[in-house]
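Spelled out, the chains give:
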Amino acid sequence: MTSPFADDRLVAPRGRAVEAADHFRLPFRNRNWRGTAGNWSGAGVGSSIDFQDHRPYIAGDDPRYINWQAYARTGAYTMKLYREEVSPRVDLVLDVSPSMFHRPAKAARTWELFHFCLESTRRSQAAPRAWYLSEGECREARLEAIEQGRFELPEFKGDERLSLRGVPWRQQALRVFISDLLDPRCGEEVFPCLSNENKTSLLLAPYCREEEAPDWSGNVEMLDCETGEKRIQYFHSDLLRRYRNDYRRHFEMADEQARRHRILLARVPAEEDFLEALRTRALPLGAVEPWD
Amino acid sequence: MGLTFGNPAGLWALGAIPVILLIHFLQRETRRESVSTLFLIERLHRETQKGRRLERLRHSASLWLQILAVILLTWLLVEPRWLRPDSVQRIAVVLDDSVSMRAFAGDGEAGVPELPSVLRRLQRGAAETEWILLESSGRRGTLYSGSDRRELLERAGNWRPQTGSHNAAPALRRAIASVHPGGSVLFVTDRRRGDAPEGIEVLGVGEPIANAGFTGLRLEEREGRLVWRALVRNYSEQTETRTWWAEFDEGTTKPEEIRLEPRGTLALSGVLPESADRAALVLESDRFGLDDRLPLVRPAPKTLILAAPDADSPLRAELTAFLDSLEHWREAGPQENADFRFATFNPAEDPAGSGVFFALADPAPPEHTGAPVTAERHPLTENLAWHGLDAAPVETFPLRPEDTTLLWRGDQPLLVLRENRGQKQLLVYFDLRTSNADRLPAFVILLHRFLDELRGAKIAYARRNVHTGQRLQLAVDPFGEAVTLRSETGPEQPVTASRASLLRAPGDPGFFSLHQGDNLLLEAAAHFADSREADFRDAETFRLEPGRDRQREHLERNSHRDFLAPLWMLLLGGVLLLSWRCSDRET
């Protein structure tokens, strides 16, 4: 099956994502980072100006950090330790199953989230890696190509399986997953894999009103956007109400799973303005944070 | 309080319900949607698999409101009426007594199959119903009268039609009069729709059936042997094949197959064995069985004892040819009383006994004046031509008041019929010797008719073939014992001697006999020969109801209107408005 989103028109949301990145960024604060040198306080000892601790000198230590005032007072060499400054690692996974793009608004929101994460990462001088997740397999996205507007998306073959088991997460990286979670097995295949020891992961879930509160009535021939499966269903108000309840329950369970695995799950509606959606849906949860 | 409808045709409005359902389903034509949440729908479907079709209907408010509106509209259209508790109606059920009905009812069947449902419907016309069961011939009077419908149905089930083609109008008029005013008459018949009377309810129960059967019998003596000749007719429009055989007391002939062309007739014939006085021709049975059996007996008319003129009588020569043509008579013995006699008489005197009495003109009378011969209207002179009669009346004489003149020349009588102390006399007032009367067919036939009358009036044993239901007209001793009809197809039927003239042959083909006390008066075979009743090509099933005005009048007399009708009307309006709102919202 050809990817339904391989369309240049869908790249337009990048502008809105950049605009949103002026106001918000991924939640880098309140987290101990490890990694290459950068602008963010690391978990280890480094060469920043933030004092961290004192310890006795050990042979091999850099003599520049000997606390000479202390030596004058005590006669013993004492090292003055400063906090490390690192570049955060961000592992970004984008679910590219057709359901993410099967409505124009939802497709736009997906790309907005993706670009927002990349832009936020770039501005924070973090070290990003991105993967496209499709049919349970993930393929690394070349950031250079994305910068040039080429997405190199994988071919979708019709398998609706959603699983993060194959993602090569990096140690200590902020795990960000963009997916609509429209899979009955996401509880087993997504949340445990996204969970990162005791660190918080991020799950951004775009959704649109058509799937949350559809206006189906009477006979509807339904075509699954991923598998192509057909089904004719007669809808009346009661059945529609039960569908909405089921839909709500599905995401309540996802919320419950996310809490259990220390994952910040922010559902972002496609119909609202992107910036406003982030402000109302992601910011209160801590899924994004404002710039200082 | 019973419910009835003033306009049952309003029930057709219920036909709008399937139309509404159809429209609802057509409105909701399948729409195509690309979805990303099919797994949720499949989960729902598994939960609601049972009764899914009902769910579709239950929750469409506009659909249910429209159906409710149709029901309300139907209720208003059928004009519901509630029977008055004190309403009473009389219903006369007239059964067509023509034997053709046996093909459809009353011939071992449990009556007319449609009758119970029709009676149930009629009974709903009033709180109480008085039933009268009649038959169209009126022979057996009222078959049932009472208020028990089941009893009436039982009587109708046991009833058997027995009459040939007849006019049902008198019986129907009697039925209408007996239920007047405000009653109903139901005529159950197998006649054609076009023959059905108007103004009453008619239930046509006939249908075209392929019938074939015996339609006539002729017996004749040939070379001292009795030869029977029977006609078999196929009344249907297709070729029929039947098997026939003859049954005698000694045994049965070998069955033979015959092929009957459409509407064709086939003659069967044979000889009645010398030893057999009776036989039965049998045709393979079909739905109408009356004409499938033809019983016959060897005819044996009553023998007349005749006192013929002596050899030296002046009339002997003129009457010789007539006596030679006369059958079943014998000369009276010397001491024997004759049944009648041929004799001369003096017009001025009163002859004694039954017989034909001739006046002699001696000397010969003058030539007649040329006045025309005219005949009175009488069974003896019916259809006889007298213009060739050359006879001069004898001298004038006085006639008695009880005399019936049969023939006149001018104003003078030529033939006079007289009842003299119970004896029948035919007085001939012209001289047979000088007239040509003995060579005139009209005169000879009249003498035969007169002798047949005398033969019929004689109380004596006879054997003959008759039609089913034919009036027997048997001479019995009016002061004697009761007359009993014994037949092989029915119970013994005794009547008083005075009512013997009303006796009819049984309605079913078969042998029967008539007795007065110990005297056997008649042995006979009755066969069915009414071809109109055996022809079912035009029979049809139909139902005719009396005029709408009459039904309306009947209904209004026995019931009152539903006083909640205005409320239903308002409710209908409300439901329609609500339905419109709901459908608008659903859209």
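The rules we used
Per-chain numbering applies: the sequence of each chain, read as written, is numbered from 1 onward. Working convention: letters from A go to chains and numbers from 1 go to ligands, in the order in which they are written. Confidence filtering applies because this is a predicted model: local features only for residues at pLDDT of at least 70, side-chain atom pairs given and counted only at 80 or more, and all residues used for totals across whole chains, interfaces and linings. As a rule here, side-chain values cover all heavy atoms of the structure and leave hydrogens and water aside. Strands here mean DSSP runs of E at least two residues long; helices mean DSSP runs of H or I at least four residues long; both are numbered from the N terminus. Burial classes follow relative accessibility: with a 1.4 Å probe on protein chains only, a residue under 20% of its type's maximum area counts as buried, one over 50% as exposed, and anything between as partly exposed. When checking whether two residues touch, look at their non-hydrogen atoms; a contact exists if any pair is within 4.5 Å. Each accessible area value is a Shrake-Rupley result obtained with a 1.4 Å probe; residue values ignore everything except the protein chains displayed when judging cover. For two strands to count as paired, DSSP must find a minimum of two bridges between them. Working convention: axes come from line fits to C-alpha atoms, limited for helices to the stretch in contact. Angles between N-to-C directions cover 0 to 180 degrees. Here a helix's expected span is defined as the number of its residues, less one, multiplied by 1.5 Å. Only centres within 6.5 Å qualify two rings of Phe, Tyr or Trp (six-membered ring in Trp) as a pair; their planes then separate them into stacked at under 30 degrees, edge-to-face at over 60, and tilted for everything else. The reported arc concerns the directions from the helix axis to the C-beta atoms and nothing else. Basic side-chain nitrogens of Lys or Arg form a salt bridge, by our definition, when they fall within 4 Å of a carboxyl oxygen of Asp or Glu. Under this definition, polar contacts are N or O atom pairs within 3.5 Å; protein pairs additionally need one hydrogen-donor-capable and one acceptor-capable atom, and for neighbouring residues in sequence, both atoms have to be side-chain atoms. What marks off one domain from the next here is an automatic or database domain assignment. Residues enter patches when they are more than 30% accessible in relative terms and free of salt bridges; like-charged ones are connected within 9 Å and nonpolar ones (Val, Leu, Ile, Met, Phe, Trp, Tyr) within 5 Å. Accessible-area loss on putting two parts together, using a 1.4 Å probe and summing over both, is the definition of buried area adopted here. Three categories are distinguished: nonpolar for Ala, Val, Leu, Ile, Met, Phe, Trp, Tyr, Cys and Pro, charged for Asp, Glu, Lys and Arg, and polar for the others, with Gly belonging to the last.

A few points about the overall build of chain A
A count of helical and extended segments in chain A gives nine helices and 12 strands. Within the span of chain A, comprising 292 residues, buried residues form 53% of the whole. By sequence separation, contacts in chain A at least 24 residues apart represent 72% of the contacts at least 6 residues apart. Working note: accessible area of chain A is about 13,600 Å², and carbon and sulfur atoms make up 48% of it.

Side note on the sheet that holds strand β10 (residues 230-235) of chain A
Strand order in the open sheet formed by three strands is β10(A)-β9(A)-β2(B), and the pairing between neighbours is mixed. The two strands at the open ends of the sheet, each matched to only one other strand, are β10 of chain A together with β2 (31-35) of chain B. Strand after strand, the sheet turns through a mean of 35° between neighbouring axes, direction not considered. Note: strand β9 (residues 218-224) of chain A against β2 of chain B, five bridges, orientation parallel. Paired with M222 of chain A across the bridge in β2 of chain B is E33 of chain B.

Examining helix α8 (residues 237-260) of chain A
All names here are of chain A. Taking 1.5 Å as the rise per residue, α8 with 24 residues should run 34 Å; its terminal C-alpha atoms sit 35 Å apart, in good agreement. Within α8, burial applies to D238, L239, L240, Y243, D246, Y247, H250, F251, A254, Q257 and A258. After α8 finishes, the residue R262 shows a positive phi value of roughly 55°.

As for the sheet that holds strand β4 (residues 89-95) of chain A
Residues and elements named next belong to chain A. Sheet architecture is open: six strands sit in the order β6-β5-β4-β7-β8-β11, paired in mixed fashion. Of all the strands in the sheet, just β6 (137-141) and β11 (263-269) have a single pairing partner and so form its edges. The mean angle between the axes of side-by-side strands here comes to 20°, regardless of whether they run parallel or antiparallel. By the bridge criterion, five bridges tie strand β5 (residues 127-134) to β6 in an arrangement that is antiparallel.

Some thoughts on the packing of aromatic side chains
How two aromatic rings sit relative to each other is given by the distance of their centres and the angle of their planes. Tallying each qualifying case throughout the model produces 22 aromatic pairs over all chains. Residues F322 of chain B and F342 of chain B carry aromatic rings whose centres are separated by 5.8 Å and whose planes lie at 80° to one another, so their mutual orientation is edge-to-face. With a gap of 20 residues between them, F322 of chain B in helix α8 (residues 316-325) and F342 of chain B in strand β18 (residues 340-345) connect regions that are remote in the sequence. Grouping residues by exposure puts F322 of chain B and F342 of chain B together as buried. A ring pair is formed by F430 of chain B and F443 of chain B, whose centres lie 5.9 Å apart and whose planes are at 65°; its orientation type is edge-to-face. Of this pair, F430 of chain B sits in the loop between β23 (423-428) and α9 (441-457) while F443 of chain B is found in helix α9, placing the two residues 13 residues apart along the sequence. A relative accessible area of 0% places F430 of chain B in the buried class. Put simply, the rings of W216, F235, Y243, Y247 and F251 of chain A pair up and form one aromatic cluster.

Topic: helix α11 (residues 548-558) of chain B
Residues and elements named next belong to chain B. What α11 keeps buried is the set H554, L555 and N558. The buried residues of α11 occupy an angular sector of 95° when the element is viewed end-on, so they sit on one face. Where α11 is buried, its residues meet β1 (3-5), β3 (80-83), β4 (88-95), β7 (184-189) and β30 (559-561).

Section: the pattern of salt bridges
Two side chains that carry opposite charge are able to pair once their charged atoms sit near each other. The full count for this structure, using the stated rule, is 57 salt bridges over all chains. Put simply, D350, R400, E402, D403 and R418 of chain B are held in one network by salt bridges that share partners.

Brief notes about the side chain of D61 of chain A
Residue and element names in this part refer to chain A. Secondary-structure assignment places D61 in the loop between β2 (37-56) and α2 (68-74). Among the polar contacts made by the side chain of D61, one reaches the side chain of R55 at a distance of 2.7 Å. Among all residues touching D61, those that are not within four sequence positions of it are R55, P56 and M79.

Brief notes about the domain arrangement of chain B
In terms of domains, chain B is made up of domain 1 (3-30 + 37-79 + 567-586), domain 2 (88-208 + 538-560), domain 3 (220-295) and domain 4 (308-446). Between the C-alpha centres of domain 2 of chain B and domain 4 of chain B the distance comes to 55 Å.

Details of a nonpolar patch on the surface
On the surface, Y57, W68, Y71 and Y77 of chain A cluster together into a nonpolar patch covering about 410 Å² of accessible area. Tracing the sequence through the fold places Y77 of chain A in the loop between α2 and β3 (78-86).

Section: the interface of chain B and chain A
The interface of chain B with chain A comprises 24 residues on the first partner and 32 residues on the second. Both sides of the chain B and chain A interface together cover about 3,000 Å² of buried area, and 53% of this is carbon and sulfur. In this structure, the salt-bridge partner of R103 of chain A is E33 of chain B, at a minimum N-O distance of 3.4 Å. Linking chain B with chain A are 10 residue pairs in polar contact (both at pLDDT 80 or more). Within the residue set of the side of chain B that touches chain A, elements represented by two or more residues are β2, α2 (38-47) and α3 (52-58) of chain B. For the side of chain B that touches chain A, the leading source of residues is α2 of chain B, giving nine residues. A per-class count over the side of chain B that touches chain A returns six nonpolar, seven polar and 11 charged.

Section: the pairing of strand β5 (residues 128-135) of chain B
All names here are of chain B. Within β5, six of the eight residues are buried, which leaves the element mostly enclosed by the surrounding structure. Pairing analysis gives three bridges linking β5 to strand β6 (residues 144-146), with the strands arranged antiparallel. Paired with L133 across the strands is Y144, a residue of β6.

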